[in-house]
2 protein chains.
Amino acid sequence: MTKKQMKLGAFFMIPGHHVAAWRHPKAEAHNVMNFDFLKRLAQTAERGKFDMVFLADGYAVRAKNQKVLDQTVNTHFEPFTLLSALSAVTHHVGLVGTVSTTYNEPFHVARKFASLDHLSNGRAAWNVVTSNTEEEARNFNQEHHLLHSKRYDRAGEFVDVVEKLWDSWEDEALVIDKKSAQFAEGSKIHAVNHKGEWFSVEGPLNVSRPVQGHPVVVQAGSSEDGKELAARTAEVIFTAWQTLEEAQAFYSDVKGRMAKYGRKPEELKIMPGIFPVIGKNAEEAEENKRLLEELIPEEAGISLLSAMISFDLSSFPVDGPLPELPELDQVNGGKSRFKLLKDLADREGLTIRKLYQRIAGARGHREIKGTPEQIVDQMQEWFENGAADGFNVMPPYLPGGLDDFVDHVIPVLQQRGLFRTEYRGNTLRENLGLKRPANTLIAKTKETI
Amino acid sequence: MTKKQMKLGAFFMIPGHHVAAWRHPKAEAHNVMNFDFLKRLAQTAERGKFDMVFLADGYAVRAKNQKVLDQTVNTHFEPFTLLSALSAVTHHVGLVGTVSTTYNEPFHVARKFASLDHLSNGRAAWNVVTSNTEEEARNFNQEHHLLHSKRYDRAGEFVDVVEKLWDSWEDEALVIDKKSAQFAEGSKIHAVNHKGEWFSVEGPLNVSRPVQGHPVVVQAGSSEDGKELAARTAEVIFTAWQTLEEAQAFYSDVKGRMAKYGRKPEELKIMPGIFPVIGKNAEEAEENKRLLEELIPEEAGISLLSAMISFDLSSFPVDGPLPELPELDQVNGGKSRFKLLKDLADREGLTIRKLYQRIAGARGHREIKGTPEQIVDQMQEWFENGAADGFNVMPPYLPGGLDDFVDHVIPVLQQRGLFRTEYRGNTLRENLGLKRPANTLIAKTKETI
């Protein structure tokens, strides 16, 4: 029996996770809208045997004023078109697209992921999110965005409808017999006839059952509502924790909620984000971090922090403390991120500037600074102590930050037996060690792993 | 000065336009959901120097009963994911995706086409349609679909919002100066602040201006409402005509409506569909056609015809005449197709069976049967007599029908100087001879061709 190995995602923000990434000498800022650049990144992730590449998403320009619009990157490929294009130039790596349940329709979303799963021969995954900014609401005919609990209500029903649509064609529905004029067995194609609070969808889908049965369902919310939805529906969670203890508590909390939905702990992979700042030695890593901090324009730093806590900090002294913030139950943005940052500032007595410098790269995720061996030590600690099934790796700048990780960190992980040296599965689901789901619309369960 | 040349689209239905295509010996029915097959088709179209490949779309399974579900192909790639993947494995051919304005949001549609245009270096085009079936309505929380005129109202406003969003970044908005910390010039990124009857969209888009300024806008409706929308907004029309006279009348009608919108006739390319049945000689072409007719299962033929005239024919004798049909103004489906088929049946006294055999391939478009030279003769007649700026080619079965067209018909067109031998433009727009549109959101027009 081989040693348990970790799962790895390559979380791409272009041209890097750090808010000043685009100014870094090793970032290709001029290639932000160049497909060949993205293709190179995906192929590098595949060379590193990553399980998947992951793209976040939002439906509005993030910058809230002209100065920040000047200083930050506000143009990106739309994830779905990009992942579809990447499916044609990669062979093994999974393709995780973020699609919000707030401003979309289940039929479209089920269909696009089913299509991507066929295109890629079983490598599609859906990161289920809810949209929580006023700017996004105003791009979709709304004055205000939905309340937090309403968003999660809608998200839960949305996922259910999408999974039913994926199951609307049985695996055996396709016959394709030219002689007898039978393309399909119609009795194995089912209407879903969903009528719920948010959606009425008749079905069936006009795409046959995805290669993976269901594309892998990913989630990133870590609020109470988010944890409950994840325990019921998610197969991968991307999450953000600063300390081993917090990560362990989250890990056992969510895995503990699964039994009541008839699920086993191993049916869900918990993958905290890590922001690796790599150096040949400790000094070089430190120097690398300092360079990034120096590159942050002040307005962009304040704006990023304001967005992350859903509270405008632009009128407060940047070298003073955080002002008094609303109570958690008054926050209608990302609740878990709000709490994490407020706790961090309180714990370490950080000024606004120090706080934005701290989060301008990792954005609330764990920063790991050091040599490849030191980085692997810290990953191993979490992995072997019930805090993580793997990690979502957030390169500070691209392509340099990814190249360094693949060339220097991955080999150390492999030497210690903590990560694969070759892809073993044919699909993302197989590489992640997740079962192919049974068809929920038919009485008898015919599927196997 | 070179001779005026026609434009050509490759209109793919998989595995062919004929309703019985999948049963044809030269159709790869088992590859319907195989990307490598689609890649091969797109690369064949590019080898033939086609301007573009075109994918139709719909948001429901077409078959209305289990027998037809058995006999016809009801699973396809979603066009947008497919075209995005094809953009990564082609270099010149345009990529035309159908997206309905009835069950989508302008922000998503503007963004996806902008993204595809960047991915493909300027090869994206949007075929604007409205959705007109009850089955589609029931997949999107509706009991019934919108009335014809309402659909076109919404479509008109939808196109306007999308074009504003494409213009929300000026071409010169990107600065990307690492030293001065200026990624963009924020004053060249504009909110669109659209508030209309159907949509409220603030903008700007989170994608910079498309390579082509605007992806090419295509339209296919030929009703009164459709013609008016096309005269105002379309750059390409795919249309269906049986006779030279009808096609000429449509051509001059639509081009004549453009002046009142400040547009010149050459800013719109009219491309009727043709369904080529090719043979080495007349007998082989005839034999080819007969084989396809024999392969049509009766229920599938009746169902296809019923869908095309928005009237259920399943209870009428198949070898009898068409029953009495509603008046045109009572039809809430595709009005122009209804009229075309009713007129055809009346003119030639066709039974239901004869009519479905007639339209089971070309689906109301013009069928051209014969040797490559005979096919080119007929294309040339329309092209040189004010009926067409080019053609949308509908191979009966795939890949055979496309291979034959590229290997045998295209060379004859080229010998006669009617079609390009190499791509000249860098973008679809350039290959089609269409101007790059000025930015409608800024006062001064800065763009040139």
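Fair warning: this is a prediction, and the values are worked out from it, not measured in the lab.

Q: Help me out: how do you make sense of the overall build of chain A in this one?
A: Per the secondary structure count, chain A includes 15 helices and 13 strands. A compact globule built from 449 residues should have a C-alpha radius of gyration of about 22 Å, and chain A, at 22 Å, falls within 12% of that. Reported as C-alpha extents along the three principal axes, the dimensions of chain A are approximately 75 × 55 × 45 Å. Across the 449 residues that make up chain A, the buried fraction comes to 63%. Across chain A, every contact between residues at least 6 apart in sequence was considered, and the portion connecting residues at least 24 apart equals 77%. Summed over its atoms, the accessible surface of chain A is roughly 16,600 Å², and 48% of this surface lies on carbon and sulfur atoms.

Q: What should I look at first to understand the interface of chain B and chain A in this one?
A: It is common to give the size of an interface as the accessible area that goes away when the parts come together. Every contact between the two is made by 77 residues of chain B and, on the other side, 77 residues of chain A. Along the contact surface separating chain B from chain A lie six salt bridges. With a shortest N-O distance of 2.9 Å, Arg-138 of chain A and Glu-202 of chain B are connected by a salt bridge. For the interface between chain B and chain A, the tally reads 40 residue pairs in polar contact (both at pLDDT 80 or more). The set of elements that each furnish at least two residues to the side of chain B that touches chain A consists of helix 2 (66-71), helix 3 (79-87), helix 4 (106-119), strand 5 (174-177), strand 6 (182-184) and strand 8 (200-201) of chain B. Per-class residue counts for the side of chain B that touches chain A are 37 nonpolar, 25 polar and 15 charged.

Q: What should I look at first to understand the UniProt feature "binding site: FMN" (unreviewed entry) in chain A in this one?
A: Residue and element names in this part refer to chain A. Here the UniProt-annotated "binding site: FMN" (unreviewed entry) positions come out as Asp-57, Thr-98, His-148, Tyr-152, Ser-222 and Ser-223. Residue placement: Thr-98 occurs in strand 3 (residues 94-100). Judged by its relative accessible area of 4%, Thr-98 falls in the buried class. Discounting residues that sit within four places of it in the chain, Thr-98 has contacts with Phe-54, Leu-55, Ala-56, Asp-57, Asn-127 and Val-129. Within the structure, the side chain of Thr-98 is placed 2.6 Å from the backbone oxygen of Leu-55, a separation counted as a polar contact. The class for Tyr-152 is buried, based on a relative accessible area of 15%. In this view, Tyr-152 contacts Thr-130, Gln-219, Gly-221, Ser-223, Asp-225, Gly-226 and Leu-229; residues no more than four positions away in its chain are not counted.

Q: Looking at this structure, how should I read the relation of the copies chain B and chain A?
A: One chain copy maps onto the other through a rotation about an axis and a shift parallel to that axis. Note on the copies: chain B fits chain A at an RMSD of 0.0 Å, the axial shift is 0.0 Å, and the rotation between them is 180°. These values place the two chain copies in the arrangement generated by a two-fold rotation axis. Across chain B, the smallest distance between a C-alpha and the rotation axis is recorded for Ala-85 of chain B, namely 1.9 Å. When you check the interface residues of chain B against chain A, 100% turn up at the interface there too, and the contact is symmetric in its surfaces.

Q: Please explain helix 14 (residues 400-415) of chain A as it appears in this structure.
A: Each full turn of the α-helix corresponds to 3.6 residues, which orients residues three or four apart in the same direction. Residue and element names in this part refer to chain A. The terminal C-alpha atoms of helix 14 lie 22 Å apart, and with 16 residues this matches the ideal 22 Å at 1.5 Å per residue to within 8%. Within the sequence span of helix 14, burial applies to Gly-400, Gly-401, Leu-402, Asp-404, Phe-405, Val-406, Val-409, Ile-410, Val-412 and Leu-413. Contacts from the buried residues of helix 14 go to strand 1 (7-12), helix 1 (35-47), strand 11 (269-278), helix 13 (372-383) and strand 13 (390-393). A positive phi of about 75° marks Gly-417, the residue just after helix 14.

Q: Can you walk me through the pairing of strand 11 of chain A in this structure?
A: Remark: a regular strand shows side chains that alternate across the two faces of the sheet. Residue and element names in this part refer to chain A. Along strand 11, ten of the ten residues are buried, which leaves the element largely enclosed by surrounding structure. Along strand 11, one buried face is formed by Lys-269, Met-271, Gly-273, Phe-275 and Val-277 and the opposite face, lined by Ile-270, Pro-272, Ile-274, Pro-276 and Ile-278, is buried too. Note that strand 10 (residues 236-239) and strand 11 share four bridges and pair parallel. Residue pairing across strands places Thr-239 opposite Pro-272, the latter belonging to strand 11. Running through helix 8 (residues 244-257), the crossover from strand 10 to the neighbouring parallel element strand 11 is right-handed. With two bridges connecting them, strand 11 and strand 13 associate as parallel partners. From the neighbouring strand, Gly-273 faces strand 13, where its bridge partner is Asn-392. Note that strand 11 and strand 12 (residues 366-370) share five bridges and pair parallel. Residue Pro-276 lies in a different strand from strand 12, and its bridge partner there is Ile-368.

Q: Explanation requested: the pattern of salt bridges in the structure shown.
A: Side chains that carry opposite charge are capable of pairing whenever their charged atoms lie near each other. Residues and elements named next belong to chain A. Enumeration over the complete set of coordinates arrives at 70 salt bridges over all chains. For Asp-389, the salt bridge is made with Lys-255, and the minimal N-O distance between the two is 2.8 Å. Here Lys-255 lies in helix 8 and Asp-389 lies in the loop between helix 13 and strand 13, a separation of 134 residues in the sequence. As a salt-bridge pair, Glu-293 and Lys-289 come within 2.9 Å of each other at their nearest N and O atoms. Highlighted residues: Glu-293 and Lys-289, both in helix 9 (residues 282-294), separated by four residues, approximately one helical turn. On the basis of relative accessible area, Lys-289 is assigned to the buried category, the value being 6%. Three or more residues are tied together by salt bridges with common partners; here these are Glu-224, Lys-227, Glu-228, Asp-253, Arg-257 and Lys-260.

Q: Teacher, can you tell me more about the packing of aromatic side chains here?
A: Counting across every chain of the model gives 28 aromatic pairs over all chains. Each member of the aromatic cluster is reached from another via a ring pair, and the members are Phe-80, Phe-113, Trp-126, Phe-158, Trp-166 and Phe-199 of chain A.

Q: Would you mind showing me how to read the side chain of His-17 of chain A here?
A: All names here are of chain A. Structurally, His-17 can be placed in the loop between strand 1 and helix 1. Within the local environment of His-17, its side chain forms a polar contact with the backbone oxygen of Phe-11, the two atoms lying 2.9 Å apart. What His-17 contacts, discounting residues up to four positions off in sequence, is Phe-11, Phe-12, Phe-275, Ala-360, Gly-361, Arg-363, Met-394, Pro-395 and Pro-396.

Q: Would you mind going over the pairing of strand 13 of chain A with me for this structure?
A: Residue and element names in this part refer to chain A. Burial along strand 13 is two-sided: Gly-390 and Asn-392 and Phe-391 and Val-393, pointing in opposite directions, are all buried. Both strand 1 and strand 13 contribute to a ladder of four bridges, which runs parallel. Within strand 13, the position partnered with Lys-7 by the bridge is Gly-390.

Cut-off values and rules
Residues numbered from 1 in each chain as written. Chains lettered and ligands numbered in written order. Predicted model: local features only at pLDDT ≥ 70, side-chain atom pairs only at ≥ 80, totals over all residues. Heavy atoms only, no water. Helix = DSSP H or I, 4+ residues; strand = E, 2+ residues; numbered from the N terminus. Rg over C-alpha atoms; globule rule 2.2 N^0.38 Å. Buried < 20%, exposed > 50% of the residue type's maximum accessible area, 1.4 Å probe, protein only. Contact = heavy atoms within 4.5 Å. Areas by Shrake-Rupley, 256 points an atom, 1.4 Å probe, with all protein chains shown as cover. Salt bridge = Lys/Arg side-chain N within 4 Å of Asp/Glu carboxyl O. Polar contact = N/O pair within 3.5 Å; in protein donor to acceptor, adjacent residues only side chain to side chain. Nonpolar A, V, L, I, M, F, W, Y, C, P; charged D, E, K, R; others polar. UniProt positions renumbered as here; feature names shortened; annotations may be inferred. Least-squares fit on C-alpha atoms with pLDDT ≥ 70 in both. Expected span 1.5 Å × (residues − 1). Pairing = 2+ DSSP bridges. Right-handed = clockwise from strand over helix to strand, strands pointing away. Phe/Tyr/Trp six-rings, centres within 6.5 Å; stacked < 30°, edge-to-face > 60°.

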